[in-house]
Structures are given as structure tokens and as C-alpha cells.
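# Residue-level structural notes
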Amino acid sequence: MGNSICHISDAISYIASENLWIEGSAIQQLQTTAALPGMARVVGMPDLHPGRGYPIGAAFFSTGRFYPALVGNDIGCGMTLWQSDLPLRKYNADKYEKRLSTLGDTATSAWLDEYVPPALQDHPYRAALGSIGGGNHFAELQQVDSVADSALFAQSGFNIQHLLLLAHSGSRGLGQEILRRHVDAFSHAGLAEGSDAARDYLAEHHDALNFARVNRALIARRILGHLKADGTPVLDVAHNFVEPCTVGGKSGWLHRKGATPDGQGLVVIPGSRGDYSWLVKPLISEQSLFSLAHGAGRKWMRTECKGRLSGKFSPAQLSRTSLGSRVICRDRQLIYEEAPQAYKSIDSVMACLTDAGLVVPVARLRPVLTVKVSGEAGE
């Protein structure tokens, strides 16, 4: 491993470098989390940043009990990357932007009747399926900008001549409801392994993971349908969940809050909407708690973004990026909160991961058209 692994103690480490800034409050939250009962190890990823009490961009290993609050309110949030049949040479920015600008934030009931799997047709959160949501969630058409490893790319299932579609979303209101119910009942004390409460949470957690996977697939279907195109899912990976795991010879629970698992084949690590994303091959490592960064990571708090940027950029200006891509976002507050300037450079994150011996870069992906919320409902 390179020198990007920074050890605070035997139980606490994070992945960073001199060229990647991490807030002191995020490190403090990492240390606070490490003090929870049963917590054995915590690792911050290069995209580590402060969350609501617990850091985002980290993995946590505990024994004897696990903590729903460490998974957070968006259980199953993650990324799916699809190969579309849209030829890159036929891409027309004006036409595609116009078409996707008519895509409502939520699907119509008739569309859901047709595309939602039978097992979820009666789900209480059915109406949210196929919706991207707010915050840092998005869907993005991308092109393969460059190939770093020809052999791995040839095996990946992606075609350099066609556009890709990346969707980042989760379990929508379902995960929020599950977390709220458990925190109301047990506060942040966690759940004892094998208890009735633990079994109940894990069953609901499994439901939310499945809901989130289906949601991402339906987002892709809706977008491709609006473009009169088709596609195939090549990878799907969650970055907010808890699972049984063995670390250092001990059996316990591995929580990921904004951390990509390294044992599911190729994964994508996205940048901000004005930066590249990377397709990588993970190199499995217990030292990183079998986890990687899940993106670039925030550099600024949401509350400060508009104040920093509104004097320099209008929402219309932020709908165009330095890479030549376009952004569809009708929420004037969100377009500032999610500006590329509010995020770390994906190059700095990737440099840490490669230096630490955690990934092999496969291909760099350039954003073409990013879809955030439109502020509208229906198809």
C-alpha cells in the first residue's frame, strides 16, 4: 500500500493525501463513531465529509451489535451503470436536453402499472419508484472519454461507441421511514445482534435494498424511454447498507455510509456533474474494510453554496459545465448546492485510491447530460 493510509490509532484510519483536503469535523466524527459500544474499526474514504452526527464516506465494523443510524436514512442508495444503444455520433445536445426536460420527477400511475415488478405493485412506496429524488441524486448520460486498461475494458461489457447511463438514487422515503422508526424506539444505541429488534430491522433493510435496486433500474428505463432508446444494466452497487462480515478473524457487522464495496466486480466512482467519473476494478483489501470511495465527496456545506456562488453564477450558467456537458435542474437552490465547485476533484480521490493500492483504473467517463430534479410531476 502507498502512503495514502493515515492511521489515527489501531482502530481508526482514513485514506487521504496532501492534495486532498478533509475537514477536521469529519475526522472528529470518525473518532466519535469509533467510540460506540462494540465498534472495532472505522475507515474514512477519500470522499469523507461531515454528516448529521456521523461521517459520510466511511465504513464501520462492529461486533455484537450494529447501528441503523450509521447506515442512515437512504438505505440501499447506490449507483447503476447501463450500456445504452444510443450512438455517440448521433448525440444532439439540444434535442436530448429538450426531451429530458419534459421528464417529470415522478412517473405516472399508468407507467408504474406497466413497468413496476409484480412483487412491488402493492408496495406502500410504489409511487416513488422511478424517481431520482433530490440532494446529490442524479441520472447522467456519459461517454467513454479514455480507456486506462484495454484488457479490463474489453471484458467490461461497455461499448465506447455508445452512450452510457449512470443513475444514482436509493430507497426514497422508505429508508427514511425505517430509520425514523428504529431511532424513535432505540435512539442511537444500536441493536444487539440476534435480538428481535435486530431481526426486524434487517428484514426491513433487505426490503429497502431491493426497493433501491428496482428504483435505479426504473429510473434508467424512464430516461431511455424518453429518448426512444433501450439499454442493458452492466453493474449495480449500493453504498449505504450493513452486512455480516469477518474482519481480523472476528465476525461482526460492516456498515457502509457512502462507501462502495470492493467485492462486486467493476464499480463506478462518480465525480460531480461537472467532473469525470471513473470505472475501476477494486482490489479487495481488509485494510480499507473492503470499501472504496463512493464519489468525489462534498467540499462545502450545502448551506454555504448559494452564498459562495450566486454572485458569480446564475442558475442558467450553472446548467453548463466546463466539460461542455449540460445540467437539467429546475430547483434553483439545488443547482447551487450541487455545483461542481462544492465537490472535491475526482482526480484527487482517484489518486488516493490508486496510491493506496485499492483500485485499477479502467476507463474515464465524461458527463454529457445530467438530470437532477425538474420541479415537475408526472410524465
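All residue numbers refer to positions counted from 1 along the written sequence of the respective chain. It should be noted that, the model being predicted, local features are given only for residues of pLDDT at least 70 and side-chain atom pairs only at 80 or more, the latter also being counted only at that level, while totals for whole chains, interfaces and linings use all residues. With hydrogens and water excluded, all non-hydrogen atoms of the structure serve as input to the side-chain values.

## Here we look at the sheet that holds strand β11 (residues 240-247)
Heads up, the condition is: When DSSP finds two or more bridges between a pair of strands, those strands are recorded as paired. Secondary structure elements are defined from DSSP: runs of H or I of at least 4 residues count as helices, runs of E of at least 2 residues count as strands, and each element is numbered from the N terminus. Axis definition: a line fit to C-alpha positions, over the contact stretch in the case of helices; interaxial angles, taken between N-to-C directions, run 0 to 180 degrees.
In space, the six strands of this open sheet follow the order β1-β2-β3-β4-β12-β11, with mixed pairing throughout. Every other strand in the sheet has two partners, leaving β1 (5-7) and β11 as the edge strands with one partner each. Across the sheet, the axes of successive neighbouring strands diverge by a mean angle of 20°, strand direction being ignored. Sheet topology places strand β2 (residues 12-15) next to strand β3 (residues 39-49); three bridges connect them, and they run parallel.

## Considerations on the side chain of S4
Under the convention used in this document: Relative accessibility under 20% of the residue-type maximum defines a buried residue, over 50% an exposed one, and the middle range a partly exposed one, all with a 1.4 Å probe and only protein chains included. Contacts are assigned to residue pairs that have any heavy atoms within 4.5 Å of one another.
Within the element layout of this structure, S4 appears in the segment before β1. Here S4 falls in the buried class, since its relative accessible area comes to 3%. Apart from the residues lying within four places of it in its own chain, the contact partners of S4 are Y14, I15, A16, S17, C352, D355 and A356.

## So, the confidence of the model for the protein
This is how it is decided: On a range of 0 to 100, pLDDT expresses the predictor's confidence in each residue.
When the pLDDT values of the protein are averaged, the result is 95; 98% of them are 70 or greater. Note that residues 375-379 has pLDDT below 50 and, in this model, 24 contacts with residues that lie over four places away or in other chains.

## Things to note about the state of the cysteines
Formally: Note that a disulfide, as used here, is simply two cysteine sulfur atoms within 2.5 Å.
One pass over the full model with this rule turns up zero disulfides. C305 takes part in no disulfide bond, and the closest cysteine sulfur to it belongs to C329, at a distance of 13 Å. C305 sits in the buried class, given a relative accessible area of 0%.

## Structural notes on the nonpolar core
Inclusion rule: We define the nonpolar core as a collection of buried residues of types Ala, Val, Leu, Ile, Met, Phe, Trp, Tyr and Cys that are connected through side-chain atoms lying within 4.5 Å of one another.
Ranked by internal contacts, the top residues of the largest apolar core, which has 77 residues, are I15, I22, L30, L81, I346 and L353. The contacts of L353, once residues within four sequence positions are left out, are P46, I269, L292, A293, L358 and V359.

## Considerations on helix α6 (residues 173-186)
For clarity, the threshold we go by: The span expected for a helix works out to 1.5 Å for each residue beyond the first.
Taking 1.5 Å per residue as the helical rise, α6 with its 14 residues ought to reach 20 Å, and the 20 Å between its terminal C-alpha atoms agrees with that figure. Phi for S187, located one or two positions after α6, is positive at around 55°.

## A closer look at the environment of I219
As for its position among the elements, I219 is in helix α7 (residues 196-226). Overall, the relative accessible area of 2% leaves I219 in the buried class. Note: C-alpha distance between I219 and S131 (88 residues apart in sequence) is 6.1 Å. The contact partners of I219, leaving out residues within four places of it in the chain, are G130, S131, I132, A139, A167 and S169.

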